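Structure at a glance
Letter by letter, the chains look like this.
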Amino acid sequence: QVQLVESGGGLVQAGGSLRLSCAASGRTFSTYPMGWFRQAPGKEREFVATINWSGRTTYYADSVKGRFTISRDNPKNTVYLQMNSLKPEDTAVYSCAAKIDPYSGTIYMRGESYDYWGQGTQVTVSS
């Protein structure tokens, strides 16, 4: 069982920055790929970024590439999403997810692939 708790969301002006955190329970967190997704009102859930178990491989949606950075601190059981140059269209509920696939090199971009989800944190970017 893996529990995920996001934090760090809030209200920020366009051009600003936020750092989201996802704290995970479970001794084997460090072996799992992790992902961030977002969902805006009236829209489908959207892939944002993913990171492999070691942190050496990352992948981003085109809409956030160059502005967002995903990272992880395995001893702290935490995944981060650093968001810079925020735009109003980044407004959404952001959720982290864990894929139970230890030491996998696979890049997971579909939400359906993930096994555990956090409750989400709201990010609102004002223009």
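Check the entry above for the structure.
Keep in mind that what you see is a predicted model, and the values were worked out from it rather than measured. (Residues numbered from 1 in each chain as written. Predicted model: local features only at pLDDT ≥ 70, side-chain atom pairs only at ≥ 80, totals over all residues. Heavy atoms only, no water.)

1. Description of the packing of aromatic side chains
Tallying each qualifying case throughout the model produces seven aromatic pairs. Their ring planes at 55° and their centres at 5.1 Å tell us that Phe37 and Trp117 sit as a pair that is tilted. Taken together, the residues Phe37 in strand β4 (residues 34-39) and Trp117 in strand β10 (residues 116-117) connect sequence positions 80 residues apart. Taking relative accessible area as the criterion, Phe37 reaches 2% and is therefore assigned buried. For Trp117, a relative accessible area of 29% gives the class partly exposed. The interplanar angle of 65° and the centroid separation of 6.2 Å between the aromatic rings of Tyr114 and Trp117 together place this pair among those described as edge-to-face. Taken together, Phe37, Phe47, Tyr59, Tyr108, Tyr114 and Trp117 form an aromatic cluster joined through their ring pairs. For Lys65, the ring lying beneath its charged end belongs to Tyr59, and the centroid distance is 5.8 Å. Residue placement shows Arg72 over the ring face of Phe29; its charged tip is 4.7 Å from the ring centre. (Phe/Tyr/Trp six-rings, centres within 6.5 Å; stacked < 30°, edge-to-face > 60°. Helix = DSSP H or I, 4+ residues; strand = E, 2+ residues; numbered from the N terminus. Buried < 20%, exposed > 50% of the residue type's maximum accessible area, 1.4 Å probe, protein only. Lys NZ or Arg CZ within 6 Å of the ring centre and 35° of its normal.)

2. Describing the pairing of strand β7 (residues 68-73)
Along β7, the buried face is formed by Phe68, Ile70 and Arg72; none of Thr69, Ser71 and Asp73, which line the opposite face, is buried. Sheet analysis places β7 next to strand β8 (residues 78-83), joined by six bridges and oriented antiparallel. By the bridge assignment, Ile70 is partnered in β8 with Leu81. Connecting β7 to the antiparallel partner β8 that follows it, the hairpin turn spans four residues, and Asn77 within it adopts a positive phi of roughly 55°. (Pairing = 2+ DSSP bridges.)

3. Points about the sheet that holds β7
With antiparallel pairing, four strands are arranged side by side in an open sheet as β1-β3-β8-β7. Two strands close off the open sheet at either side, each with one partner strand: β1 (4-7) and β7. Neighbour to neighbour, the strand axes of the sheet diverge by 15° on average, direction disregarded. (Axes fitted to C-alpha atoms, helices over the stretch in contact; angles between N-to-C directions.)

4. Regarding the side chain of Arg72
By secondary structure assignment, the location of Arg72 is in strand β7. One buried charged side chain, Arg72, makes no salt bridge at all; its nearest oppositely charged neighbour is Asp73, positioned 8.5 Å away. For Arg72, the side chain forms a polar contact with the main-chain oxygen of Tyr32, separated by 2.8 Å. A polar contact is formed between the side chain of Arg72 and the side chain of Asn74, at a distance of 2.8 Å. (Lys, Arg positive; Asp, Glu negative; His and termini not counted. Salt bridge = Lys/Arg side-chain N within 4 Å of Asp/Glu carboxyl O. Polar contact = N/O pair within 3.5 Å; in protein donor to acceptor, adjacent residues only side chain to side chain.)

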